[in-house]
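Chain by chain, the residues run as shown.
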Amino acid sequence: MRAADRITAALLLVFAAAFAAGALRYYEYWGAGGPGPAFLPFWLGVAMALLALMMLVKALRNPQPGRAWLPRGEGLRHTLVVLGVTASFIALLKVLGMILGTALFLAALVRYLGRHAWWVTLAVALAAAAFNWLVFAHWLRLPFPEAGIWIF
């Protein structure tokens with residue numbers, strides 16, 4: 001696990017530095033009226049770089065190899081199910097639309113991972129999809145991917 005921690009920390013550190021540098025390169029840090037569009041992304045990059053550096057130092061100081069970082073058995077099965085359901089959600093987004101896709105995505109995960117009763121699964125899926133629509137499509141008026149073909 002330590003090798004994975006070292007690699008992850010190093011990659012995050014490089015990404016954070018590039019993120020902060022990119023903010024300064026492409027946007028103005030300070031404008032006439034105060035902080036510019038680069039202000040927040042720059043400081044987020046700096047904070048992320050500091051956290052990655054702390055993670056790297058901690059991983060380098062610990063000589064023990066740690067546990068294997070890939071899940072096994074049921075943990076691996078759960079990971080593969082989440083990845084498969086997520087990939088299916090993304091692939092079918094234009095066909096099903098955001099609302100139905102969200103409901104099916106959550107229903108699959110709640111039912112499989114949580115092993116909840118069907119009424120709980122449906123309640124969570126429908127409530128989350130309705131909340132998703134209410135906040136983003138209705139209140140914020142953001143365009144949602146809509147179903148390309150209707151089965152009904």
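Residues numbered from 1 in each chain as written. Predicted model: local features only at pLDDT ≥ 70, side-chain atom pairs only at ≥ 80, totals over all residues. Heavy atoms only, no water.

1. What to know about the pattern of salt bridges
Item 1. On inspection of all chains with the given rule, the structure shows one salt bridge.
Item 2. Across the salt bridge formed by R115 and E74, the nearest N and O atoms sit 3.3 Å from each other. Taken together, the residues R115 in the loop between helix 5 (98-114) and helix 6 (118-139) and E74 in helix 3 (residues 74-91) connect sequence positions 41 residues apart.
Item 3. On the basis of relative accessibility, which here comes to 42%, the residue E74 falls in the partly exposed class. (Salt bridge = Lys/Arg side-chain N within 4 Å of Asp/Glu carboxyl O. Helix = DSSP H or I, 4+ residues; strand = E, 2+ residues; numbered from the N terminus. Buried < 20%, exposed > 50% of the residue type's maximum accessible area, 1.4 Å probe, protein only.)

2. With respect to helix 2 (residues 39-61)
Item 1. Across its 23 residues, helix 2 extends 33 Å between first and last C-alpha, which sits within 8% of the 33 Å expected from 1.5 Å per residue.
Item 2. Along helix 2, the positions that sit buried rather than exposed are F42, G45, A49, A52, L56 and A59.
Item 3. Buried positions along helix 2 lie against helix 1 (2-26). (Expected span 1.5 Å × (residues − 1). Contact = heavy atoms within 4.5 Å.)

3. A short note on the side chain of T121
Item 1. By secondary structure assignment, the location of T121 is in helix 6.
Item 2. Judged by its relative accessible area of 0%, T121 falls in the buried class.
Item 3. Look past the residues within four positions of T121 in its chain and what remains in contact with it is A107, V110, R111 and H116.

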